[in-house]
Amino acid sequence: MVVLDMVDLCIRNARLRHKGDELFDIAITDGRISAIGGGLSVLAQDEIDAEGSLVTVSFANPHLHLCKVWTLPMMNEAALSAYHGADMGKALAAIDLARVVKDNYDASWITRNARRAVALAALHGNLHIRAFADVDSKARLEGVKALIAVRDEFRGIVDVQVVAFAQDGIIKDPGTDRLMHEAMALGADVVGGIPWIEFSDQEAQQHIDFCFDLARTHDADISMLLDDAGDASLRTLEMMATETIRRGWQGRALAHHCRAMALYGEPYLQRLSGTLRKAAVSVVSDPHTGPLHARVRDLLGEGINVCLGQDDISDAYYPFGRNNMLEVAFLASHMLWMTGREEIEKLYDMVTVAPAKAMNVSGHDIAVGANANLVVLGQPDVIEALRYHAPPRHVVSHGRRVDLDRMQHLARGGAPASATGG
Ligand SMILES: [Zn+2]
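Residues numbered from 1 in each chain as written. Predicted model: local features only at pLDDT ≥ 70, side-chain atom pairs only at ≥ 80, totals over all residues.

**A few points about the overall build of the protein chain**
A count of helical and extended segments in the protein chain gives 14 helices and 16 strands. Relative to the globule expectation of 22 Å for 422 residues, the C-alpha radius of gyration of the protein chain, 21 Å, shows essentially globular dimensions. Here the protein chain holds 422 residues, and the buried ones make up 56% of them. Counted over contacts in the protein chain with a minimum sequence separation of 6, partners at least 24 positions apart contribute 75%. (Helix = DSSP H or I, 4+ residues; strand = E, 2+ residues; numbered from the N terminus. Rg over C-alpha atoms; globule rule 2.2 N^0.38 Å. Buried ≥ 20, exposed ≤ 12 C-beta atoms within 10 Å, placed from the backbone. Contact = placed C-beta atoms within 7 Å.)

**Some words on helix α4 (residues 142–153)**
For α4, which comprises 12 residues, the first-to-last C-alpha distance of 17 Å matches the rise-based estimate of 16 Å (1.5 Å per residue) to within 8%. The buried fraction of α4 is high, at nine of 12 residues. Buried within α4 we find Glu142, Gly143, Val144, Lys145, Ala146, Leu147, Ile148, Val150 and Arg151. Close packing links the buried residues of α4 with α3 (107–123), β7 (126–134), β8 (159–165) and α5 (176–186). (Expected span 1.5 Å × (residues − 1).)

**Considerations on the sheet that holds strand β5 (residues 55–57)**
Taken together, the four strands give an open sheet; going across it, the order is β5-β14-β15-β16, and neighbouring strands pair in antiparallel fashion. With one partner strand each, in any of the chains shown, β5 and β16 (400–401) form the two edges of the open sheet. Two elements, β5 and strand β14 (residues 374–376), share three bridges in a ladder whose sense is antiparallel. Considered in β14, the bridge of Val55 is made with Val376. (Pairing = 2+ DSSP bridges.)

**What about the domain arrangement of the protein chain?**
Here the protein chain is described as being made up of domain 1 (5–57 + 365–406) and domain 2 (59–358). Each of domain 1 and domain 2 was reduced to a C-alpha centroid, and the two centroids are 30 Å apart. At the interface, 16 residues of domain 1 touch 19 residues of domain 2. Ranked by the residues each element gives to the side of domain 1 that touches domain 2, the list is headed by helix α13 (residues 382–388), at four residues. Along the lines of polarity and charge, the residues of the side of domain 1 that touches domain 2 split into 11 nonpolar, five polar and no charged. (Domains from an automatic or database assignment. Nonpolar A, V, L, I, M, F, W, Y, C, P; charged D, E, K, R; others polar.)

**Here's the deal with the sheet that holds strand β2 (residues 23–29)**
Spatial strand order, β3-β2-β1-β4: four strands in an open sheet with mixed pairing. The open sheet has two free edges, formed respectively by β3 (32–37) and β4 (42–49), since each of these has just one partner strand. Strand-to-strand, the axes of this sheet are offset by a mean angle of 30 degrees, without reference to chain direction. Looking at chain direction, β2 and β3 are connected through five bridges and run antiparallel. Bridging from a neighbouring strand, Thr29 pairs with Arg32 of β3. (Axes fitted to C-alpha atoms, helices over the stretch in contact; angles between N-to-C directions.)

Below, the structure is given as structure tokens:
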């Protein structure tokens, strides 16, 4: 008698990237992929028939202002037009205008909004999010408290990394340094900075130094929004990368936006790329949320790890967004003019494996022993997946099926049932 291996979940008839038309079964045990092969002889507690559709690792979003989702309806559109107008020459003024929403910052309504956004992420198979919570004299710790609560609520479904983010500057906004310490002590995961908005290069460097000191104290990764305006003289990406090397923090500092790069001359970009490689700094670009964007194609050509972020969901800076990383990749395909077959494969990497690497999420692969965070799409290949940018038919997180009905309920603003797990 043949004794079959018992596994938790088996996905049958999966098409895999770069494997042609061959179909595979993927067996999952204890949250990990335990076998991959054609017609696996296993007994599974749960089975999903992919019916020849593409199965890949789940999506990851390395940049989301999760404390500000759905705040646009709470304010006028002055910040939005300042950020997007005049070739981003008034981006700094936009940040000031956007502060108005923080007059009434409160963890309770932020938690409700953030819950909807994370449920939308789960529905779209977007299972790793680096989520920014504003920390400043107006927001205080309300955003951090809300995002920590939502992170804990979704544990095992969507992995949220909470960034304590000094949105209004550290030198510029007195008291923020103390709040940043408190935010990390409360349980924020990542130190977040925005040095380019300080009033001088010297103060930008002080801002960077503060963030690295805090990161070392808490053994934390760093995420910084850099050079986010139409000003070719902004150089905080280079400053951060140089500090990364000096401090031995290679691979732990992540650069966001870097839109001024669009205006840099070629010799400087070459030199900068060398520094980024040495610092193992990845770059997150969100080309759909501003008229300028980092030079993604050039950075890819220089061997830099580049990924795409959602950035915003209906806040002062962007009116749309639903945590659907296929939609983000679809938009980027147009904004960046990456439309060739290989380029579209690259875009798919930029919303899956590249952000996982940038966020230091390990085991994000389709391989025996890798973490079973997977999406079963409704399409057979990456081009069709981007065309429809539809939600996956099934989402598997930590080796278990995600309850998509429950996520629908939460995404519509429904109340969470008390004490339910996955
Ligand atoms: Zn942003």
